[in-house]
Every structure is written in C-alpha cells, then in structure tokens.
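What follows is each chain in one-letter form.
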Amino acid sequence: MPLQQLRQHGQFLALSRQQPNLFASPIEFSLDDGTQVFIRSPGIISFTPSKPEGKDIVLSSGVHGNETAPIEICDELVQGLLTGQFSARHRVLFLFGNLPAMEIGERFVEENMNRLFSGAHSKGPGLVNAERVRAKELEDAVADFYQQGEQTGQNYRCHYDLHTAIRGSKNEKFAVYPYRHGQPWKKSQLQFLFACGVNTFLLSNGPTTTFSYYSSNEFGADAFTVELGKVAAFGENDMSRFAQVRETLLALISQDEVALPGYDPNALHVFRINQVINRTKEDFRLNFADDAPNFTDFPLDYVLAEEEGVQYKVQEQGEAIVFPNAKVAIGQRALLTVVPTSL
Ligand SMILES: O=C(O)CCC(=O)N[C@@H](CCC(=O)O)C(=O)O
Ligand SMILES: [Zn+2]
C-alpha cells in the first residue's frame with residue numbers, strides 16, 4: 001500500500017472507490033503530529049490525536065450514493081487531515097457509506113441503506129446484498145469507535161449523517177432529529193447546526209431504522225440526519241453554498257470548542273413529524289406536482305396521497321410535505337408530514 005502517497009495527497013476516498021482492495025485488511029499508521037490513523041476498510045477511516053480532547057465525532061456521508069456534496073465535504077476534511085493541513089483535536093471517524101452506489105451515481109444499488117440500521121440489515125432475508133452487509137459494517141465501525149473512546153475516558157458523542165434531498169426544499173438545509181424517547185431536545189445542538197447553515201429541524205415522533213437513530217439510541221450520541229441541499233452529480237455542486245458547514249465541521253474537529261451563535265427561536269423553523277406515510281400498495285400515488293418543494297403546505301383535508309382503499313389527508317393547519325417519493329419499495333416511507341412547533 002503506497003502509504004507515502006496517501007499521506008502526500010490524502011486521496012483516501014478516491015483510492016477506496018478505485019482500488020478498494022488496497023484496504024482489504026485494516027491499516028494503521030501515524031501522522032507527523034502523532035495522530036493515529038486507522039483505516040478499517042474501504043471508505044472507513046478514523047483519526048485519534050496523541051492527546052485527544054473530549055469529543056468522539058462521527059461524520060458519515062454517501063449512505064445514499066448520489067448525494068455528493070456531503071461526500072465532497074468529508075473527502076476534503078479527510079484529505080486535510082491526512083496531508084497535515086490541519087490536525088484533529090478530537091477523535092473523529094469518517095464513514096463514506098455506499099461506495100458502489102457512488103460509482104453508478106444512484107441512491108442505492110439494491111436496497112435503501114438508510115432503512116437497514118439498528119439490526120434491520122439482518123432481519124427478513126438477512127445479509128443478502130451489499131447494502132445490508134455494509135450497513136452492518138458501518139454499525140460495527142461506529143460501535144467500536146465509541147467503545148474505544150470509552151476506554152480512554154471520553155464519552156461525549158456526536159454523529160452527523162450528511163445527506164442531500166432528492167427535490168428542492170423551501171428551507172434548503174434542514175435536519176431530522178431522531179426520536180429521543182422522551183429525553184429533551186437539545187437547543188445547543190440546534191445552535192451547532194445553525195452555525196452549519198441549517199435553520200430547519202424536524203423532531204421525530206418514533207423509532208426508525210436510519211443511521212442517525214442508531215447512534216442516538218444505542219450510544220446516546222447527539223445524532224442527526226442533515227440535509228444540505230439538493231442532489232447533484234460529483235463536481236456539479238456549488239460548493240460556496242456549503243462554506244458554513246465546511247468551516248463549522250472543521251472547527252468541530254480541530255478546535256477544543258466551537259463558538260456557537262446564541263439560540264434565536266425567530267431564526268429557526270422547528271417542525272414535529274405528524275404523519276409517516278408508507279407505501280403499502282402497488283398503486284400508491286402522490287396528489288401534488290413532482291416538483292413541489294419540501295415544506296410545501298396544503299389546506300386541511302387535502303388528499304396528499306392515496307392507494308387502493310385509503311386516502312392520506314392533511315390533518316392539521318399548516319401541515320407540510322417532506323421527502324415525498326411514490327417510487328419507494330412497498331412497505332417503505334413514501335412521505336412525511338410536518339407541523340410547525342417550538343422547543
Ligand atoms: O429527499 C428525499 O426524499 C430523501 C433524502 C434522504 O435521504 N433523507 C433521509 C432522511 C432520514 C431520516 O429521516 O432521518 C432518508 O430518507 O434516508
Ligand atoms: Zn439521503
């Protein structure tokens with residue numbers, strides 16, 4: 001393995017995509033500043049500073065292969081760390097989720113990976129495809145990373161699972177706050193994400209099989225699915241739109257503490273998830289335009305979607321649509337509805 005080359009150019013993601021066999025066995029080495037680098041497998045790399053401060057940070061991207069802006073942001077951070085452009089002050093784990101889906105520029109190859117966490121990968125037919133195997137591998141990587149942090153007495157944990165939305169959004173950058181089983185929603189986390197340029201938050205109303213819920217529920221991490229804009233091909237993102245998130249993530253990794261803006265409820269849009277509408281029949285259809293942006297609201301009783309024998313209607317004033325997708329596999333979430341709320 002040309003380690004020297006990896007340290008010189010930092011092209012971990014490119015090598016993971018083009019020559020995954022290079023990382024078929026785990027590799028460990030140290031950087032000039034004493035940081036230990038551990039490459040667990042293609043697309044999975046962690047950095048442990050010689051004297052780590054108190055955060056164990058997980059940044060994942062590419063759980064959906066065509067959501068490229070977050071992949072490019074994380075690729076750049078990994079490059080900067082490997083080449084010594086900047087140093088990590090905290091332990092940080094980067095996960096580039098679905099490498100084969102990146103190659104074909106698709107959300108997934110066989111199955112939506114972000115429905116396979118918290119053990120869902122091994123239920124039903126079991127580990128029968130690459131996405132199921134990878135979801136388990138990502139889970140194991142997170143579990144080991146957090147457990148190793150515990151051994152060194154560190155236990156503040158966060159996980160930002162970075163995505164982009166399929167369609168445009170009235171509020172371009174938003175985050176899904178996984179269900180917290182009655183624990184309070186943390187304003188400090190909204191402040192951190194606001195510093196990243198995210199001003200809209202969806203409070204979940206139940207457990208899910210997403211990656212962020214896994215880290216939140218099983219490891220007590222401050223975890224979010226973060227939507228940073230709209231899907232675009234590699235190289236076609238306007239990276240100026242991501243300056244705030246790049247800077248803030250860099251600060252999270254490389255500074256003891258991130259200077260946060262004050263909590264200003266007037267600057268934030270907080271919604272609670274009201275309905276999770278699954279496609280259960282072949283004829284499931286949505287009753288609004290294909291290009292209706294996320295957060296479009298509809299009048300009371302408006303029929304948002306229907307399928308044989310059932311209509312899904314607006315139940316509350318101001319109820320709006322998020323993540324509509326009539327083409328999901330049967331049994332999967334085809335639409336969320338959200339209602340404005342406050343913390
Ligand atoms: O735009 C869309 O329809 C989907 C974008 C996306 O991948 N969103 C995540 C959200 C996960 C969550 O609810 O925490 C997903 O659908 O997996
Ligand atoms: Zn996604």
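What counts and what doesn't
Residues numbered from 1 in each chain as written. Chains lettered and ligands numbered in written order. Predicted model: local features only at pLDDT ≥ 70, side-chain atom pairs only at ≥ 80, totals over all residues. Heavy atoms only, no water. UniProt positions renumbered as here; feature names shortened; annotations may be inferred. 1 Å grid on protein atoms, 1.4 Å probe; cavity = no way out; pocket = protein on both sides within 12 Å on 5 of 7 lines; lining within 4 Å. Points joined across faces, edges and corners; volume = space filled by probe spheres on them. Helix = DSSP H or I, 4+ residues; strand = E, 2+ residues; numbered from the N terminus. Nonpolar A, V, L, I, M, F, W, Y, C, P; charged D, E, K, R; others polar. Domains from an automatic or database assignment. Buried < 20%, exposed > 50% of the residue type's maximum accessible area, 1.4 Å probe, protein only. Polar contact = N/O pair within 3.5 Å; in protein donor to acceptor, adjacent residues only side chain to side chain. Contact = heavy atoms within 4.5 Å. Buried area = accessible area lost by both parts, 1.4 Å probe. Salt bridge = Lys/Arg side-chain N within 4 Å of Asp/Glu carboxyl O. Donors = N, O, S within 2.8 Å, 3.2 Å for Na, K, Ca; no water. Axes fitted to C-alpha atoms, helices over the stretch in contact; angles between N-to-C directions. Left-handed = near helix turned anticlockwise from the far one by under 90°. Core = buried A, V, L, I, M, F, W, Y, C linked by side-chain atoms within 4.5 Å. Pairing = 2+ DSSP bridges.

- As recorded by an unreviewed UniProt entry, the protein chain carries the name Succinylglutamate desuccinylase and is attributed to Bowmanella denitrificans.
- Regarding the protein chain, the relevant UniProt record gives this comment under Sequence similarities (unreviewed entry): "Belongs to the AspA/AstE family. Succinylglutamate desuccinylase subfamily."
- The UniProt entry for the protein chain carries the following comment under Pathway (unreviewed entry): "Amino-acid degradation; L-arginine degradation via AST pathway; L-glutamate and succinate from L-arginine: step 5/5."

1. Here's the deal with the layout of surface pockets
- Roughly 940 Å³ of internal volume is contained in the largest pocket.
- R107, R115, F323, V328 and R333 are, among the 43 residues lining the largest pocket, the residues nearest its centre.
- Among the elements of the structure, β6 (156-165), β9 (222-230), β10 (269-278) and β15 (333-341) are those that each provide at least two residues to the lining of the largest pocket.
- Partitioning the lining of the largest pocket into residue classes produces 17 nonpolar, 18 polar and eight charged.
- Split by domain, the lining of the largest pocket shows at least three residues from each of two domains, domain 1 (2-265) and domain 2 (277-340).

2. Here's the deal with the side chain of S41
- Assignment of secondary structure puts S41 in strand β2 (residues 36-41).
- Judged by relative accessible area, S41 falls into the buried class, the value being 6%.
- In terms of polar contacts, S41 uses its side chain to reach the side chain of E137, at 2.8 Å.
- Here S41 is in contact with F12, F23, R134 and E137, once residues within four sequence places are set aside.

3. What to know about the domain arrangement of the protein chain
- Here the domain parsing of the protein chain yields domain 1 (2-265) and domain 2 (277-340).
- Distance between the C-alpha centres of domain 1 and domain 2: 29 Å.
- Every contact between the two is made by 14 residues of domain 1 and, on the other side, 18 residues of domain 2.
- Taken over both partners, the interface formed by domain 1 and domain 2 buries close to 1200 Å², and the fraction arising from carbon and sulfur atoms is 57%.
- A per-residue breakdown of the area domain 1 buries against domain 2 is headed by R115, R167 and K170, which together make up 52% of the total.
- At the boundary of domain 1 with domain 2, the tally comes to zero salt bridges.
- Put simply, the parts of the chain that give the side of domain 1 that touches domain 2 at least two residues each are β7 (174-177) and β8 (200-203).

4. A short note on the UniProt feature "active site" (unreviewed entry) in the protein chain
- According to UniProt, the positions carrying the feature "active site" (unreviewed entry) are E227.
- Relative to the helices and strands, E227 is located in strand β9.
- Aside from chain neighbours lying at most four places away, what touches E227 is H163, T164, A165, E172, K173, F174 and F323.
- Reaching out from E227, the side chain makes a polar contact with the backbone nitrogen of A165 at a distance of 3.2 Å.

5. As for the coordination of the zinc ion (ligand 2)
- Looking at the zinc ion (ligand 2), the protein donor atoms are H64 (ND1), E67 (OE), E67 (OE) and H163 (ND1), and they sit 2.0 to 2.4 Å from it.
- When the donor residues of the zinc ion (ligand 2) are listed from N- to C-terminus, their spacing reads H-x2-E-x95-H. Of this pair, H64 sits in the loop between β4 (55-61) and α3 (68-82) while H163 sits in strand β6, placing them 99 residues apart in sequence. Each of the two residues, H64 as well as H163, counts as buried.

6. Remarks on the packing of helix α5 (residues 130-151) against helix α7 (residues 211-219)
- Their axes nearest at 11 Å, the elements α5 and α7 cross at an angle of 35 degrees. Considering the relative orientation of α5 and α7, their crossing is right-handed. Contacts between α5 and α7 involve L138, E139, V142, A143, Y146 and Q147 from the first element and F211, Y214, S215 and F219 from the second.
- Residues belonging to the contact of α5 with α7 are distributed by class as follows: seven nonpolar, two polar and one charged.

7. A look at the nonpolar core
- Counting 54 residues, the largest nonpolar core has F47, F94, F96 and Y160 as the members making the most contacts within it.
- By residue number, the principal contributor to this core is α3, which donates eight residues.
- Setting aside anything within four residues of it in sequence, one finds F96 in contact with F12, L13, G43, S61, I71, C74, D75, V78, M102 and R134.
- Formed by 20 residues, the second largest nonpolar core is a distinct cluster that contains V142, A143, F219 and A223.

8. Regarding the sheet that holds β7
- Ordered by their spatial adjacency, twelve strands build an open sheet running β1-β2-β3-β5-β4-β6-β9-β7-β8-β10-β15-β14, and the pairing between neighbours is mixed. Taken across any chain shown, the strands that pair with only one partner, and hence form the sheet edges, are β1 (27-30) and β14 (320-322). Going across the sheet, the axis of each strand differs from the next one's by a mean of 25 degrees, ignoring polarity.
- Of the strand pairs in this sheet, strand β3 (residues 44-48) and strand β5 (residues 91-96) are connected by four bridges, and their pairing is antiparallel. Directly across from F47, in β5, lies its bridge partner V92.
- Packed on one face of the sheet, α7 meets β4, β5, β6 and β9 and runs near 165 degrees to β9.
- With respect to the sheet, helix α8 (residues 243-254) is in contact with β4, β5, β6 and β9, its orientation differing from that of β4 by roughly 145 degrees.

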